[in-house]
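# Remarks on the overall topology
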Amino acid sequence: MKRLILAGVALCFSSYAAMAAQTLDLIAQRGAIRIGYIADEAPFSSKKKDGTPGGYTIDLCRKISDETKRSLPNIKREYVETTLADGFEAVKSGRIDLLCGALTVNLTRRETVDFSQPIFVTGASALLRKDSPDYLQILFLDSPSVRAVDARPTSNSSIGVRADTTTGTTLRGALGTGIPEARVADFATHEDGLKALEDHRIDAYFADRALLISLASRARNPTALEIGNRLFTHEPYAIALRRDDSAFRLLVDRALTDFYLSDDFPKLLKTYFGGEAGTLRAEIMMQSIPQ
């Protein structure tokens with residue numbers, strides 16, 4: 001009986017050790033660091049015309065992979081396209097080492113994965129048509145150009161949101177019982193939401209403002225749209241990685257801090273965010289981890 005108990009303990013310990021293998025060990029074993037990315041979250045992560053990933057967060061993940069190569073010089077860099085719904089489980093199971101996109105850090109997600117230090121700060125608002133109902137302009141714009149006296153929602157009003165995001169929950173909470181007539185429509189991608197807005201199938205599209213700016217620039221007629229400037233949330237973005245791996249997280253945060261302090265960081269922000277680069281850099285630096 002004693003031998004059976006000891007054998008059982010040894011087996012459990014062996015299984016636990018395998019599950020607890022550190023990220024750098026897994027990268028060394030497979031000879032590659034796997035960067036997962038979400039393809040429809042421009043300018044943070046997207047698939048370019050040639051099929052390769054690109055974006056602000058992708059560039060940061062490349063900096064992390066460069067730092068990883070200092071310890072493991074022979075590894076390759078591999079990209080794995082995933083979805084927001086599947087990406088966190090892929091990190092947890094070790095199928096990918098980093099998840100890159102427009103990922104909001106919250107306590108629910110931290111039950112599954114860990115996160116790097118913040119890489120961006122934004123908040124949720126809405127993309128509207130200039131002929132969207134008045135009540136939506138009042139809700140999302142600081143200075144709405146209300147055309148009619150009656151600013152109540154109509155029975156067929158609808159607001160779109162990307163499925164499986166924290167913004168969906170935020171939107172439903174913001175609407176509450178105050179405007180119960182407004183319908184919330186879920187979309188598989190931000191591009192689907194934009195098309196529905198342009199085709200008048202919805203009256204507004206709700207998402208993080210940084211995503212909306214990029215989305216509006218890709219519209220058929222950007223001048224027909226307006227971006228809300230009232231923010232309903234505080235959304236710190238970060239890169240997702242496996243839990244309980246302090247060594248790899250330290251490597252990730254060190255790589256990010258070193259890059260934030262370099263002259264190349266403001267250039268990268270300007271590439272993706274234009275005139276907002278200076279303000280964004282100050283906000284990110286305020287939340288960064290000092291050396």
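Here's a quick rundown of the structure. None of these values were measured; they are calculated from a predicted model. (Residues numbered from 1 in each chain as written. Predicted model: local features only at pLDDT ≥ 70, side-chain atom pairs only at ≥ 80, totals over all residues. Heavy atoms only, no water.)

Let us look at the overall build of the chain. The helix and strand tally for the chain stands at eleven helices and 15 strands. Counting all 291 residues of the chain, 48% fall into the buried class. Once local pairs closer than 6 in sequence are excluded, the contacts in the chain between residues at least 24 apart make up 73%. Roughly 14600 Å² of accessible area belongs to the chain as shown, and the carbon and sulfur atoms make up 54% of that amount. (Helix = DSSP H or I, 4+ residues; strand = E, 2+ residues; numbered from the N terminus. Buried < 20%, exposed > 50% of the residue type's maximum accessible area, 1.4 Å probe, protein only. Contact = heavy atoms within 4.5 Å. Areas by Shrake-Rupley, 256 points an atom, 1.4 Å probe, with all protein chains shown as cover.)

Moving on to the pattern of salt bridges. Inspection of the entire model under this criterion finds 19 salt bridges. A salt bridge links Arg 129 to Asp 131; the shortest N-O distance between them is 2.8 Å. Its relative accessible area of 45% is what places Asp 131 among the partly exposed residues. A salt bridge links Glu 191 to Arg 218, with the shortest nitrogen-to-oxygen separation between them at 2.7 Å. (Salt bridge = Lys/Arg side-chain N within 4 Å of Asp/Glu carboxyl O.)

Here the focus is the packing of aromatic side chains. What the rule picks out here adds up to 17 aromatic pairs. For the ring pair Phe 44 and Tyr 237, a centre distance of 5.1 Å and an interplane angle of 80° mean the geometry is edge-to-face. With Phe 44 in the loop between strand E2 (40-41) and strand E3 (45-47) and Tyr 237 in strand E14 (residues 235-237), the pair connects residues that are 193 residues apart, well separated along the chain. With respect to burial, Phe 44 and Tyr 237 carry one shared label: buried. Members of the aromatic cluster, connected to one another through ring pairs, are Phe 44, Tyr 56, Phe 120, Tyr 237, Tyr 272 and Phe 273. (Phe/Tyr/Trp six-rings, centres within 6.5 Å; stacked < 30°, edge-to-face > 60°.)

Turning to the sheet that holds strand E9 (residues 124-129), a few remarks are in order. Read from one edge of the open sheet, five strands run E11-E10-E12-E9-E13, paired in mixed fashion. Two strands lie at the open edges of the sheet, namely strand E11 (183-187) and strand E13 (225-227), each paired on one side alone. Neighbour-to-neighbour, the strand axes of the sheet open up by a mean angle of 25°, direction not taken into account. Strand direction decides the pairing type here: E9 and E13, joined by three bridges, are antiparallel. Counterpart to Arg 129 in the pairing with E13 is Leu 225. (Pairing = 2+ DSSP bridges. Axes fitted to C-alpha atoms, helices over the stretch in contact; angles between N-to-C directions.)

What follows covers the environment of Glu 198. Relative to the helices and strands, Glu 198 is located in helix H7 (residues 190-198). A C-alpha to C-alpha distance of 7.9 Å links Glu 198 and Ala 219, two positions 21 residues apart in sequence. Ignoring sequence-local partners within four residues, the contact set of Glu 198 consists of Ala 219, Arg 220 and Asn 221. At 2.7 Å, the side chain of Glu 198 forms a polar contact with the backbone nitrogen of Arg 220. (Polar contact = N/O pair within 3.5 Å; in protein donor to acceptor, adjacent residues only side chain to side chain.)

This next bit is on empty space enclosed by the protein. Tallied over the entire structure, the rule returns one cavity of 30 Å³ or more. Volume-wise, the largest cavity comes out at about 100 Å³. What lines the largest cavity is a set of 13 residues, and nearest its centre among them are Glu 41, Ala 102, Thr 165, Asp 208 and Leu 211. Secondary structure elements with two or more residues in the lining of the largest cavity: helix H6 (166-175) and strand E12 (204-208). A class-by-class count of the residues in the lining of the largest cavity yields four nonpolar, five polar and four charged. (1 Å grid on protein atoms, 1.4 Å probe; cavity = no way out; pocket = protein on both sides within 12 Å on 5 of 7 lines; lining within 4 Å. Points joined across faces, edges and corners; volume = space filled by probe spheres on them. Nonpolar A, V, L, I, M, F, W, Y, C, P; charged D, E, K, R; others polar.)

In this section: the sheet that holds E2. Sheet architecture is open: three strands sit in the order E2-E3-E4, paired in antiparallel fashion. Of all the strands in the sheet, just E2 and strand E4 (53-54) have a single pairing partner and so form its edges. Here E3 pairs with E4 via two bridges, running antiparallel. The residue of E4 that forms the bridge with Lys 47 is Pro 53.

Our next topic: the nonpolar core. One finds Phe 44, Tyr 56, Leu 98, Ile 119 and Phe 120 to be the most contacted residues of the largest nonpolar core, which totals 36 residues. Only strand E1 (32-38), helix H3 (56-71), strand E6 (98-100), helix H8 (209-217), helix H9 (246-260), helix H10 (264-273) and helix H11 (277-287) provide two or more residues apiece to this core. It is H9 that contributes the most residues to this core, seven residues altogether. Those residues in contact with Phe 120 that lie beyond four places of it in its chain are Phe 44, Tyr 56, Ala 210, Glu 235, Pro 236, Tyr 237, Phe 273, Leu 280 and Ile 284. In terms of nonpolar packing, the next biggest core, distinct from the first, is built from 15 residues, Leu 128, Tyr 135, Leu 136 and Leu 175 among them. (Core = buried A, V, L, I, M, F, W, Y, C linked by side-chain atoms within 4.5 Å.)

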